[in-house]
Amino acid sequence: MRVVRSAKGIVVQAPAKINLFFEVLGKRADGYHEVETLMCPVSLFDTIVFQESPPGPIHFHCRQTTRCGIRVEAGGGEVPEGPDNLAVRAVQLLRERAGVSDGGWLHLTKRIPMAAGLGGGSSDAAAALTAANVAWKLNWPSERLMPLAAELGSDVPFFLDGGAALCRGRGERVEPLDRFGLWDFVVIRPPAGLSTRDVYRRCVPPDQPRNVNPLRDALLRRDRRAAGREVFNRLQPAAARLSPWVDRLHAVLAAADGLGYGMSGSGTAHFVLCRHVGHARRLARRFQAMQVGRVYAVQSCR
Ligand code: ATP
């Protein structure tokens, strides 16, 4: 993650992610699902600023630039503004494990829509861990931060690693994809979101799981058309049963001239793979005019 020192403290940009591939391999005895997913960070960012302070509490302030707290079809709703916020939990966990007595001021500027499958909370947690590690001068290497990240959430290790990756287990086993390259997308977040737990509950693991290799190979040889054909998400039928927006967006995206499209994570956000940045901007303008939700032209990033 990109770390910048400023007069206000340590600044870390926390990207959203999209899942180009998502397969559910089975349900485990501990209640989690075994998954295989190919994710990439994209250029839609929350911002974390952390300033250390003398021994005392962690103060937290959250600013929402747009209405990020959207209607969730079942459960959830707003970005937590207290100790339940994943960014606060990350800083508290590091403080506890490292035996730090110093306090700090944690500011979160929220731009990533929540309950959308874009991983905003997990990204904020990884960014907060990174910022506090620098501000408190702990200098823990990422191997030492990784177990804390996995404890905070399945997607947090992916964000801590920072690049596109194939993730397995419950998502916390990260295999970086080093030659991923630069990809253009349009991301659409419809006016209603979904709770990850509700979507998983309705998902049935397949007898014959889909293989991620054709997509991985197409991405690594920069074959945009083949990559577009291989976009896949096993959670999509379950999400479609919970929110009418899933089928509605699929109809809109099928009629557009993208190279491929799909739902990110447990939804409801969707993305379109584009030919280049100009194509992404053109499609984004068209979707904006259709009023199907918030629209972002983004690029893959580290
Ligand atoms: P994922 O794709 O990782 O399942 P998501 O994008 O669907 O996540 P998030 O926006 O990360 O969902 O938030 C999911 C839940 O986490 C919400 O119910 C929210 O109340 C809680 N949460 C805690 N901290 C944060 C945070 N910093 N930003 C957003 N949500 C947070």
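Remember, predicted model here, so these are calculated numbers, not experimental data. (Residues numbered from 1 in each chain as written. Predicted model: local features only at pLDDT ≥ 70, side-chain atom pairs only at ≥ 80, totals over all residues. Heavy atoms only, no water.)

Novice: Quick question: what am I supposed to make of the packing of aromatic side chains here?
Specialist: Pairs of aromatic rings are described using the distance from one ring centre to the other and the angle between the two planes. A complete count under the given rule lists six aromatic pairs for this structure. When the centroid spacing of 6.0 Å and the interplanar angle of 90° are considered together, the rings of phenylalanine 185 and phenylalanine 271 count as edge-to-face. Taken together, the positions of phenylalanine 185 in strand 9 (residues 184-189) and phenylalanine 271 in strand 13 (residues 270-274) put the pair 86 residues apart, joining distant regions of the chain. By relative accessible area, phenylalanine 185 is classed as buried at 0%. Of note, arginine 144 hangs over the ring of tryptophan 140, and the distance from its end group to the ring centre comes to 4.0 Å. Over the ring of tryptophan 245 we find arginine 248; its NZ or CZ atom is 4.5 Å from the centre of that ring. (Phe/Tyr/Trp six-rings, centres within 6.5 Å; stacked < 30°, edge-to-face > 60°. Helix = DSSP H or I, 4+ residues; strand = E, 2+ residues; numbered from the N terminus. Buried < 20%, exposed > 50% of the residue type's maximum accessible area, 1.4 Å probe, protein only. Lys NZ or Arg CZ within 6 Å of the ring centre and 35° of its normal.)

Novice: What's the story with helix 6 (residues 213-220) in this structure? I'm lost.
Specialist: Residues spaced three or four apart along an α-helix point in a common direction, a consequence of the helix completing one turn every 3.6 residues. Taken together, the buried positions of helix 6 are Leu215, Arg216, Ala218 and Leu219. All buried residues of helix 6 fall inside an arc of 165° around its axis, so they share one side. Along its buried surface, helix 6 packs onto strand 2 (9-27), strand 3 (33-55), strand 7 (165-168), strand 8 (173-176) and helix 7 (224-230). (Arc of directions from axis to C-beta. Contact = heavy atoms within 4.5 Å.)

Novice: Help me out: how do you make sense of helix 2 (residues 120-135) in this one?
Specialist: Over its 16 residues, helix 2 runs 22 Å from end to end, which matches the ideal 22 Å to within 8%, given 1.5 Å per residue. Among the 16 residues in helix 2, 14 count as buried, and that is most of the element. Trailing helix 2 by a residue or two, lysine 137 shows a phi angle of about 55°, which is positive. (Expected span 1.5 Å × (residues − 1).)

Novice: Honestly, the environment of glutamine 208 in this entry has me stumped. Any pointers?
Specialist: When you line up the elements, glutamine 208 lands in the loop between helix 5 (196-201) and helix 6. A residue is classified by how much of its surface remains accessible, and glutamine 208, at 69% relative accessible area, is exposed. Remark: the alpha-carbon pair of glutamine 208 and methionine 146, spanning 62 residues in sequence, is separated by 31 Å.

Novice: Hey, could you run me through the domain arrangement of the protein chain in this one?
Specialist: Note on interface size: it is often stated as the accessible area lost on association of the parts. We note that the domain assignment places domain 1 (2-176) and domain 2 (184-299) within the protein chain. Taking only C-alpha atoms into account, the centre of domain 1 sits 23 Å from that of domain 2. Each partner contributes residues to the interface: domain 1 has 37 residues there, and domain 2 has 43 residues. Around 3,100 Å² of area is buried between domain 1 and domain 2 when both sides are counted, 63% of it from carbon and sulfur atoms. Our count for the domain 1 to domain 2 interface comes out at two salt bridges. Between arginine 234 and glutamate 23 there is a salt bridge whose closest N-O contact spans 2.7 Å. Taken together, domain 1 and domain 2 are joined by 14 residue pairs in polar contact (both at pLDDT 80 or more). Elements with a contribution of two residues or more to the side of domain 1 that touches domain 2: strand 2, strand 3, strand 5 (71-72) and strand 7. Element by element, the count of residues in the side of domain 1 that touches domain 2 is highest for strand 2, at eleven residues. Its residues assigned to classes, the side of domain 1 that touches domain 2 comprises 21 nonpolar, six polar and ten charged. (Domains from an automatic or database assignment. Buried area = accessible area lost by both parts, 1.4 Å probe. Salt bridge = Lys/Arg side-chain N within 4 Å of Asp/Glu carboxyl O. Polar contact = N/O pair within 3.5 Å; in protein donor to acceptor, adjacent residues only side chain to side chain. Nonpolar A, V, L, I, M, F, W, Y, C, P; charged D, E, K, R; others polar.)

Novice: Got a minute to help me understand the pattern of salt bridges in this structure?
Specialist: If charged atoms from side chains of opposite charge come close, those side chains can pair. According to the stated counting rule, one finds 16 salt bridges in the structure shown. Between aspartate 46 and lysine 110 there is a salt bridge whose closest N-O contact spans 2.5 Å. Residue aspartate 46 is found in strand 3, and its partner lysine 110 is found in strand 6 (residues 102-110); the two are separated by 64 residues along the sequence. By relative accessible area, which is 0% here, aspartate 46 ends up buried. Judged by its relative accessible area of 3%, lysine 110 falls in the buried class.

Novice: What exactly am I supposed to notice about unusual backbone geometry here?
Specialist: Trans peptide bonds make up the majority, and among non-glycine residues the majority have a negative phi. Along the chain, glycine 267 connects to threonine 268 via a cis peptide bond; the corresponding omega equals 10°. One can find threonine 268 in the loop between strand 12 (260-263) and strand 13. Positive phi outside glycine occurs at alanine 115, with the angle close to 50°. In this model, asparagine 139 sits at a positive phi of 55°, which is unusual for a non-glycine residue. Tracing the backbone through its elements, the reader meets asparagine 139 in the loop between helix 2 and helix 3 (142-152).

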